Amino acid sequence: PETDYTATICPYDSVVVNGQVYNQQNPSGTEVLTSFIGCDSLVHVDLSFHQEVSSLFTGDTTICLGENFNLDISFTGLAPFLFSLGTNGIAGPVQFANQNNFSTVLSPTDTTIYSVTLLQDDNGCAGVISDFVQVSVNAPEANLYLDDNLLCMGDSTVLHIDLNGGSPFAVTWT
């Protein structure tokens, strides 16, 4: 007897028939199975594969301390997706994206690297985790110092300000 084995599997999965591994590099073939009484059966293997599951972020960005930014992620594969948004290498809670694009507003207080640490599409296929985005946070810093540290009533001196962080700066005296 002959049997056709056709299946659609995830891109990095494999099937073993009669000791032979079938995968993306070897998606089809015929195996001869021999029973203990000498009867042969043929199995024709023909695999196809779901679309690869992956995530892609928009480019790195720089914001000022206290500003928000939109984090946009594009997914490939079959929606919906389960994913975890990692922060500086630490996995976050599992989230749900109903379509191939996901956006959220974030406001980090320090430079932060965001990455997808877990990804699965509706076929149950695991994603390739490779992309990340860095959000640099500029926190302005002002250092004040005087020309003369010892002042008496009525004396004058020069006040110096060193400003660090993202420019341009706005200084308000009160």
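All values derive from a computational prediction rather than experimental measurement.

Quick notes on the rules
Residues numbered from 1 in each chain as written. Predicted model: local features only at pLDDT ≥ 70, side-chain atom pairs only at ≥ 80, totals over all residues. Heavy atoms only, no water. Core = buried A, V, L, I, M, F, W, Y, C linked by side-chain atoms within 4.5 Å. Buried < 20%, exposed > 50% of the residue type's maximum accessible area, 1.4 Å probe, protein only. Helix = DSSP H or I, 4+ residues; strand = E, 2+ residues; numbered from the N terminus. Contact = heavy atoms within 4.5 Å. Pairing = 2+ DSSP bridges. Axes fitted to C-alpha atoms, helices over the stretch in contact; angles between N-to-C directions. Patch = residues over 30% accessible without salt bridge, like charges linked within 9 Å, V, L, I, M, F, W, Y side chains within 5 Å. Areas by Shrake-Rupley, 256 points an atom, 1.4 Å probe, with all protein chains shown as cover. Salt bridge = Lys/Arg side-chain N within 4 Å of Asp/Glu carboxyl O. Disulfide = S-S within 2.5 Å.

A.B. asks: Let's hear about the nonpolar core: which residues, and what values?
C.D. replies: Formed by 20 residues in total, the largest nonpolar core has its most connected members in Ile73, Phe75 and Phe83. Going through the elements one at a time, strand 8 (69-76), strand 9 (81-87), strand 12 (112-120) and strand 13 (132-138) are the ones with two or more residues in this core. When residues in this core are grouped by element, the largest group, 4 residues, is from strand 8. Aside from chain neighbours lying at most four places away, what touches phenylalanine 75 is Ser54, Ser55, Phe81, Phe83, Ala97, Gln99, Asn100, Phe102 and Leu119. Ranked by size, the runner-up nonpolar core spans 8 residues in total, among them Ala7, Val17, Tyr22 and Val43.

A.B. asks: Could you give an account of the sheet that holds strand 5 (residues 40-49), naming the residues involved and the relevant values?
C.D. replies: Two pairing modes exist for strands in a sheet, parallel and antiparallel, and in both the strands are linked by backbone hydrogen bonds. Strand order in this open sheet of 3 strands is 1-5-4, and the pairing throughout is mixed. Looking at strand neighbours, the two that pair on one side only are strand 1 (2-9) and strand 4 (28-34), the edges of this open sheet. Between one strand and the next, the sheet's axes are offset by a mean angle of 25°, whatever the strand orientation. Summarising the sheet, strand 4 and strand 5 pair through 7 bridges and their orientation is antiparallel. Considered in strand 5, the bridge of serine 28 is made with aspartate 46.

A.B. asks: With reference to specific residues and values, describe the pairing of strand 12.
C.D. replies: Judged from the 6 bridges that link them, strand 9 and strand 12 form a sheet pairing that is antiparallel. Within strand 12, the residue paired with leucine 85 across the bridge is valine 116. As defined by bridge partners, strand 12 adjoins strand 13 across 4 bridges and the pair is classed as antiparallel. What sits directly across from tyrosine 114, in strand 13, is valine 133.

A.B. asks: Please set out a nonpolar patch on the surface residue by residue, giving values where relevant.
C.D. replies: Nonpolar side chains collect at one region of the surface, where Leu144, Leu146, Leu151, Leu159, Leu163, Phe169, Val171 and Trp173 lie side by side and expose about 720 Å² of accessible area between them. If you list the elements that add at least two residues to the nonpolar patch, you get strand 14 (141-146) and strand 15 (159-164). The exposure class of leucine 159 is partly exposed, given its relative accessible area of 40%.

A.B. asks: Explain the state of the cysteines to me, using residue names and the numbers behind them.
C.D. replies: Tallying each qualifying case throughout the model produces 1 disulfide. The disulfide that involves cysteine 10 links it to cysteine 125, with 2.0 Å between the sulfurs. An S-S torsion of about -90° defines the bridge between cysteine 10 and cysteine 125 as left-handed. Taken as a pair, cysteine 10 in the loop between strand 1 and strand 2 (15-17) and cysteine 125 in the loop between strand 12 and strand 13 lie far apart in primary sequence, 115 residues in all. Owing to a relative accessible area of 0%, cysteine 125 belongs among the buried residues under this scheme.

The values reported here are purely geometric and, on their own, carry no functional implication.
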